[in-house]
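Structural overview for review
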Amino acid sequence: MTTSPMTTSKPTVVLVGYGMVGHRFLEALADSGAADRYRVVVLAEEPRHAYDRVALTSYFSGRSADDLLLAEEGFADRHGFEVHLSSPVASIDRDAKTVTTAAGHTVGYDTLVLATGSYPFVPPVDGKDAEGCFVYRTIEDLEAIEAYAATANVGAVVGGGLLGLEAAGALKGLGLETHVVEFAPRLMPVQVDEGGGEALRRTIEEMGVVVHTGVGTKTVVVEDGKARGMTFTDGSELETDLVIFSAGVRPRDQLARDCGLDVGERGGIAVDDFCKTSDENVFAIGECALAVDGRVYGLVAPGYEMAQAVAQQLADEACKPFTGADLSTKLKLLGVDVASFGDAFGTTEGSLDVVYSDSRSGIYKKLVVTADGALLGGILVGDAEAYSSLRPLAGTGNPLPVPAESLVLPAGSGAPVSLGSSALPDDAVVCNCHNVTKGQVRSAVTEHSCTTVPEVKKCTKAGTGCGSCIKLLSTIVTDELEASGVEVDKGLCPCFAHTRAELYEIVRVKRIATHRQLLAEHGRAPEGAEGCEVCKPTVGSIIASLAPELEASGHILDGEQAALQDTNDHFLANLQKNGSYSVVPRIPGGEITPEKLIVIGEVARDFGLYTKITGGQRIDLFGASVDQLPQIWSRLVAAGFESGHAYGKSLRTVKSCVGSTWCRYGVQDSVAMAIHLELRYRGLRSPHKLKSAVSGCARECAEARGKDFGVIATSNGWNLYVGGNGGATPRHADLLAQDLDDEQLIRLIDRFLMFYIRTADRLERTSTWLERIEGGLDHVRDVVVNDSLGICADLEALMANHVADYQDEWAATLADPDRMRRFVSFVNAPGVPDPSIRFTPERDQIKPDLVLLATEEELLAALDPDNALLETR
Amino acid sequence: MTTVATTTRVELLTGRSWTTVCDWERLVPGRGVAVLLPDGTQAAVFRDHADRLYAVANRDPFTGAYVLSRGLVGSTADGRVYVASPLLKQRFDLATGECLDDETVRIPVHTARLGDV
Ligand SMILES: Cc1cc2nc3c(=O)[nH]c(=O)nc-3n(C[C@H](O)[C@H](O)[C@H](O)COP(=O)(O)OP(=O)(O)OC[C@H]3O[C@@H](n4cnc5c(N)ncnc54)[C@H](O)[C@@H]3O)c2cc1C
Ligand code: HEM
Ligand code: SF4
Ligand code: FES
């Protein structure tokens, strides 16, 4: 059958390939309003509409194929695009201006757009086609890998580039012993240099992925048609059940070759700067095209620019020629930040490198600058915080506003430097994905009167791609608003114009004991508003921490409080990714008797829970369903355990080292002090979680200076440090006071914590609070040590009330039938367990079954038809 | 018996019949409950402070977990009442199922009513 363009009066555009770039082309055509001037026929090889290939790996973390689709439902119909799935094109006849699909269907075109993408390159080694060998490009590939991995123990990825590392992360996530084999001497040879590759390698190896660099794959060893191992060019061997080839991609240019279009020597359909091939009626865009600068771009952003350019030509709009693109990237690979931008390898003549490298923490930062200090490019591994502010500066020729070395040094070594938005010229590209400049963002604020980041995102599209520029975007927007005299909203949320600290004062002074009253009297939302997920828990926490003063019930399951708390507080347990909960009993100071350890073991065994020792010196039990929580806790409470408050914004643990009782270096009893502090501050509701530790001497084995309040023993008593933090933005705590006796120490901590609770913002840890608050550490010392505001007696009284009022939330809950009623999975079927919470085995324990959650069908299919659970009503 | 105290019950339309959920008084304003439907799927039922009743699917489309009933209820400046997922905090309009943070996502909405017994 032949459809001739003559049967319709509109010219026909045929799009071959419906991947990411093809979809963008359709979107751009629709946006330009030109869609109805053409008949548009889309011939797609894959069995589904275009999906987000960049986010492909998220399939393994539970996103279904449907979630990955790029178009909203009905997109093609709405614009009259005729999409034919599973219809690969087999040939093109340029004289007749027709294309023919593999099934023999012929379609005529006036304009042909090729967007066929690329295919994974598989090196021609023996055994490459054995069962157990895969590539990593489509949803079908991932489905096949997932199914095969279920019976495999070891997996190897050939290729240590961007995709290879993503694939390795996926194999690791599937529970396989994972190897990466890279021919080049380092990982990600295209993006990072030797130093960066080394930092990346160390961090990735620490995660348990085995990295082999500088070796080529010789053969895949095959037994009974299945992959069993690999041999390498250096003579070594590896036993493996599963191999993923990720050794680069090649443009899919066969169709173009067959019909005589010009292709590059090393592949790619040659196009001019308007994406036109050697035939003026044929365009090529995306990964199949060879751009005028002689490159084939394997990233999605340049493809999007090409798609835009062709759509503009079809719409007769002025079109920006595509002459090449920036290859800057920022990625999170296996949890490690990797960014490279501009002239990352210093190929510009006369360029100089400024390098900071810390192999212990896997951080590597290199900036490439000109002799007079203008930024050319750079590589950041392990900490890519600065990427969004540095990338736009690269190549602008403007000298850096601060010395380059201050930009690579870690915070804490001298004054930490971060670039404000004023350092950027207006033509600097802020959002790389959508090619939006700082000037465009500013004019969105000044000319289109956008006042929030979401509005600017909508208006300019900036920040709607990979999202890496959002932080910079919000600084520019705030700076611009402030510059134009607009009052920047410091309110907690849309419901309140006050900060958390202001609300705390209002609640305290006016003795307001409910969120509803506070909202009605002090909110800015219309009458009858519900409040929101930000102010409800924040106000709930303020009321809970002032409960004795307000004569309100401190129990977080009571009265209105019940409706304010996040689900974790609501069920006194921590919600996990599959809807199950974790149980964390308090183990003060990390000290526990053998009897209690046995009880934890028995409870975990009897309820089939996963157990893990946390970094906070206690034991987490994972995988409990809502209805198991009371049963588990009644056993724990009977054995003398109490809630560990792992679910609340409150004190977590006070870690301790062994201390003077056993340790030959110890000068004070750190364990006794840690237990005392943990019992004193347990259950204290605060703006964010609080962590603490006590070390028995200056060797600091408990890492107290990484804590919100840390105590280190001296021969004369204790030193108190405050404002420390671990994690992503580590900060060593600052010394607040030295050589305190027990009583002085406790009094000072009481004051410090209450002052923090009173003045900090929502979700502001002590470390950021200490840096934000006017006057910093000196001011805090003045207030809590020298009582400069005369409030210390108040602060101490507040803490005394907290201590006197403390009750174990779990014991109280178990004793109250009213509170117990909420611990059911289904209100209409008490006693029926939630069928969506299931587990699969891993290393002799359980882990969440996420496959079951992928789609509703998965869940229904897994339901046992004979199961009479629904009859209980 | 001659005098029967009437309680109001919450019911959900499932197919062509109504499934009983629970007593109206069991619902706490601003919070939800999960309901197991006869076909094995799950719904989340909410009551807001104006005593309006809502029912949507319990599955959070961003994570796949059946947890929306455990989210917090809120309202926007223009009065749309929503639930925020307890996992990654995306908000869903309880009346329309629309995700307020991502226009391309929408969750199913169920028809619910109050019936006297
Ligand atoms: C796991 C993974 C992670 C990635 N991560 C990133 C990232 O972080 N950043 C980034 O910028 N890029 C990334 N990429 C690359 C990015 O996905 C590609 O650059 C982008 O998909 C290219 O779009 P395209 O439309 O040119 O090709 P594709 O998306 O591959 O689409 C081409 C389509 O054409 C179809 N087709 C081919 N031949 C025919 C034919 N004869 N007839 C009909 N249909 C045909 C194919 O089946 C395919 O559906 C990643 C890729 C993968 C696989
Ligand atoms: C903002 C980032 C963080 C979040 C959201 C977070 C969240 C959590 C949560 C939810 C738990 C409880 C786990 C459970 O039982 O379900 C937990 C426990 C823990 N976290 Fe974090 N965490 C963060 C950062 C950190 C950092 C930076 C560190 C270390 C430096 C850390 C160390 C710990 C430890 C040691 C525990 C176990 C503590 C205990 O036994 O109660 N966390 N974290
Ligand atoms: S900090 Fe000092 S007392 Fe504590 S374990 Fe280390 S060496 Fe011993
Ligand atoms: S740079 Fe990716 S969204 Fe802006």
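All of these numbers come straight from a predicted model, not from anything done at the bench.

1. Here's the deal with the overall build of chain A
The secondary structure content of chain A amounts to 28 helices and 39 strands. In chain A, which comprises 873 residues, the proportion classed as buried is 53%. Pairs at least 24 apart in sequence give 62% of the contacts found in chain A among residues at least 6 apart. Accessible area for chain A stands at about 37400 Å²; split by element, carbon and sulfur atoms hold 49% of it.

2. So, the sheet that holds strand β31 (residues 610–613) of chain A
Two pairing modes exist for strands in a sheet, parallel and antiparallel, and in both the strands are linked by backbone hydrogen bonds. All names here are of chain A. Strand order in the open sheet formed by four strands is β29-β30-β32-β31, and the pairing between neighbours is antiparallel. A single partner strand is all that each edge strand has here, and the edge strands are β29 (574–575) and β31. Helix α20 (residues 629–638) rests against β30 (581–583) and β32 (619–624) of the sheet, and its axis sits at about 5° to β30.

3. Regarding the site of ligand 1
Residues and elements named next belong to chain A. Around ligand 1 sit 31 residues, and of these V21, E45, E46, R137 and V300 come closest. Between ligand 1 and the protein, one listed contact pairs an oxygen atom with a side-chain N or O atom of E45 at 2.6 Å. R53 has a polar side-chain atom sitting 3.0 Å from an oxygen atom of ligand 1. Counting only elements with at least two residues in the shell around ligand 1, the list comes to α1 (20–31) and α4 (162–173). Across the shell around ligand 1, the residue classes break down as 17 nonpolar, seven polar and seven charged. If you count residues domain by domain, the shell around ligand 1 takes at least three from each of domain 1 (5–119 + 251–314) and domain 2 (133–247).

4. With respect to the pattern of salt bridges
Residue and element names in this part refer to chain A. Going through the model one piece at a time under the given rule, you end up with 43 salt bridges over all chains. Close ionic contact of D316 with R37 constitutes a salt bridge, the shortest N to O distance being 3.2 Å. Taken together, the residues D316 in the loop between α7 (300–314) and β22 (329–333) and R37 in the loop between α1 and β3 (39–43) connect sequence positions 279 residues apart. Residue classification places D316 among the exposed positions, given a relative accessible area of 65%. Of the charged contacts in the structure, one is a salt bridge between R680 and D750, with a shortest N-O distance of 2.6 Å. Taken together, the residues span a long stretch of sequence, with R680 in helix α21 (residues 670–681) and D750 in helix α22 (residues 742–759) at a distance of 70 residues. For D750, a relative accessible area of 4% translates into the label buried.

5. Comments concerning the site of ligand 3
Close to ligand 3 lie C657, V658, G659, C663, Y665, G666, G696, C697, R699, E700 and C701 of chain A, which account for all nearby residues. When the residues that make up the shell around ligand 3 are grouped by side-chain class, the tally is six nonpolar, three polar and two charged.

6. Some points on the nonpolar core
Residues and elements named next belong to chain A. Counting residues in each nonpolar core, the largest one holds 60 residues, and the members touching the most others are F496, L677 and L720. The element contributing the most residues to this core is α22, with ten residues. Residues from two domains meet in this core; each of domain 5 (500–565) and domain 6 (651–805) gives at least three. Excluding residues that lie within four positions of it along the chain, L720 makes contacts with F709, G710, V711, D734, L735, L736, A737, L740, L745, L748 and I749. In this structure, A28, L43, F81 and I285 belong to the second largest nonpolar core, which totals 56 residues.

7. Some remarks on the interface of chain A and chain B
Listed as interface residues are 47 residues of chain A and, on the opposing side, 44 residues of chain B. Between chain A and chain B, roughly 3600 Å² of surface is buried when both sides are summed, and carbon and sulfur atoms account for 55% of that area. On the chain A side of the contact with chain B, E530, E533 and V827 of chain A bury the most area, a combined 19% of that side's loss. Taken together, chain A and chain B are joined by zero salt bridges. Looking at the side of chain A that touches chain B residue by residue, the classes come out as 23 nonpolar, eleven polar and 13 charged.

8. Topic: α20 of chain A
Residues and elements named next belong to chain A. Within the sequence span of α20, burial applies to L629, P630, I632, W633 and L636. Buried residues of α20, viewed axially, fall in a sector of 155°; they line one side. Contacts made by the buried residues of α20 are with α18 (567–571), β30, α19 (594–607), β32, α26 (809–814) and α27 (817–820). Note on α20: the residue one or two positions beyond its end, G640, has a positive phi of about 95°.

9. What to know about helix α24 (residues 776–784) of chain A
Residues and elements named next belong to chain A. Of the residues making up α24, those classed as buried are G776, V780, V783 and V784. For α24, the arc enclosing every buried residue in end-on projection is 80°, short of the 170-degree limit, so these residues lie on one face. Buried residues belonging to α24 abut β37 (734–740), α22, α23 (766–772) and α25 (792–805).

10. Let's talk about the packing of aromatic side chains
All names here are of chain A. Applying the stated criterion across every chain, the model contains 15 aromatic pairs over all chains. Ring pairs connect the aromatic residues F571, Y581, W633, W810 and F823, which therefore count as one cluster. It is R24 that lies over the ring of Y304; its NZ or CZ is 4.5 Å from the centre. The cationic tip of R699 hangs over the ring face of Y665; the distance from NZ or CZ to the ring centre is 3.9 Å.

11. A closer look at the sheet that holds strand β20 (residues 282–284) of chain A
All names here are of chain A. With parallel pairing, the five strands of this open sheet are ordered in space as β4-β3-β2-β8-β20. This sheet does not close on itself; its edge strands, each paired only once, are β4 (81–84) and β20. Direction aside, neighbouring strands of the sheet carry axes that sit 15° apart on average. As paired strands, strand β2 (residues 12–16) and strand β8 (residues 111–114) are joined by four bridges and run parallel to one another. Paired with V14 across the strands is L112, a residue of β8. In this fold α1 packs onto β2, β3, β4 and β8, with an angle of close to 155° to the strand it touches most, β2.

12. Points about the packing of helix α13 (residues 500–510) of chain A against helix α15 (residues 535–545) of chain A
Residues and elements named next belong to chain A. Running from N to C, α13 and α15 cross one another at 45°; their axes reach a closest spacing of 10 Å. What the angle tells us is that α13 and α15 run oblique. For the element pair α13 and α15, the recorded crossing hand is right-handed. Note on element contacts: α15 touches α13 through T538, V539, I542, I543 and S545, opposite R500, L503, Y504 and V507. Partitioning the contact of α13 with α15 into residue classes produces six nonpolar, two polar and one charged.

13. Quick word on the confidence of the model for chain A
Summing up the model confidence of chain A, the mean pLDDT is 87 and the portion of residues at 70 or higher is 94%. Taken as a whole, residues 1–6 of chain A scores under 50 in pLDDT and shows twelve contacts with residues more than four places along the chain or in a different chain.

14. Description of the side chain of R586 of chain A
Residue and element names in this part refer to chain A. Mapped onto the fold, R586 is located in the loop between β30 and α19. Look at R586 and you get buried, because its relative accessible area is 2%. Among the polar contacts listed, one links the side chain of R586 to the backbone oxygen of G644, at a separation of 3.3 Å. Residues within four places of R586 in sequence aside, it is in contact with R618, F641, E642, S643, G644, H645, L651, R652, E678, R682 and G683.

15. Some thoughts on unusual backbone geometry
Notably, S449 of chain A is not glycine yet its phi reads approximately 40°, a positive angle. Considering the arrangement of structural elements, one finds S449 of chain A in the loop between α10 (438–446) and α11 (453–460). With a phi angle near 70°, K89 of chain B is a residue other than glycine that sits in the positive phi range. Mapped onto the secondary structure, K89 of chain B falls in the loop between β7 (81–84) and β8 (91–93). By relative accessible area, which is 37% here, K89 of chain B ends up partly exposed.

Scoring rules and cut-offs
- Residues numbered from 1 in each chain as written.
- Chains lettered and ligands numbered in written order.
- Predicted model: local features only at pLDDT ≥ 70, side-chain atom pairs only at ≥ 80, totals over all residues.
- Heavy atoms only, no water.
- Helix = DSSP H or I, 4+ residues; strand = E, 2+ residues; numbered from the N terminus.
- Buried < 20%, exposed > 50% of the residue type's maximum accessible area, 1.4 Å probe, protein only.
- Contact = heavy atoms within 4.5 Å.
- Areas by Shrake-Rupley, 256 points an atom, 1.4 Å probe, with all protein chains shown as cover.
- Pairing = 2+ DSSP bridges.
- Axes fitted to C-alpha atoms, helices over the stretch in contact; angles between N-to-C directions.
- Near = heavy atom within 4 Å.
- Polar contact = N/O pair within 3.5 Å; in protein donor to acceptor, adjacent residues only side chain to side chain.
- Nonpolar A, V, L, I, M, F, W, Y, C, P; charged D, E, K, R; others polar.
- Domains from an automatic or database assignment.
- Salt bridge = Lys/Arg side-chain N within 4 Å of Asp/Glu carboxyl O.
- Core = buried A, V, L, I, M, F, W, Y, C linked by side-chain atoms within 4.5 Å.
- Buried area = accessible area lost by both parts, 1.4 Å probe.
- Arc of directions from axis to C-beta.
- Phe/Tyr/Trp six-rings, centres within 6.5 Å; stacked < 30°, edge-to-face > 60°.
- Lys NZ or Arg CZ within 6 Å of the ring centre and 35° of its normal.
- Parallel < 35°, antiparallel > 145°, perpendicular 65-115°, else oblique.
- Left-handed = near helix turned anticlockwise from the far one by under 90°.
- pLDDT = per-residue confidence, 0-100.

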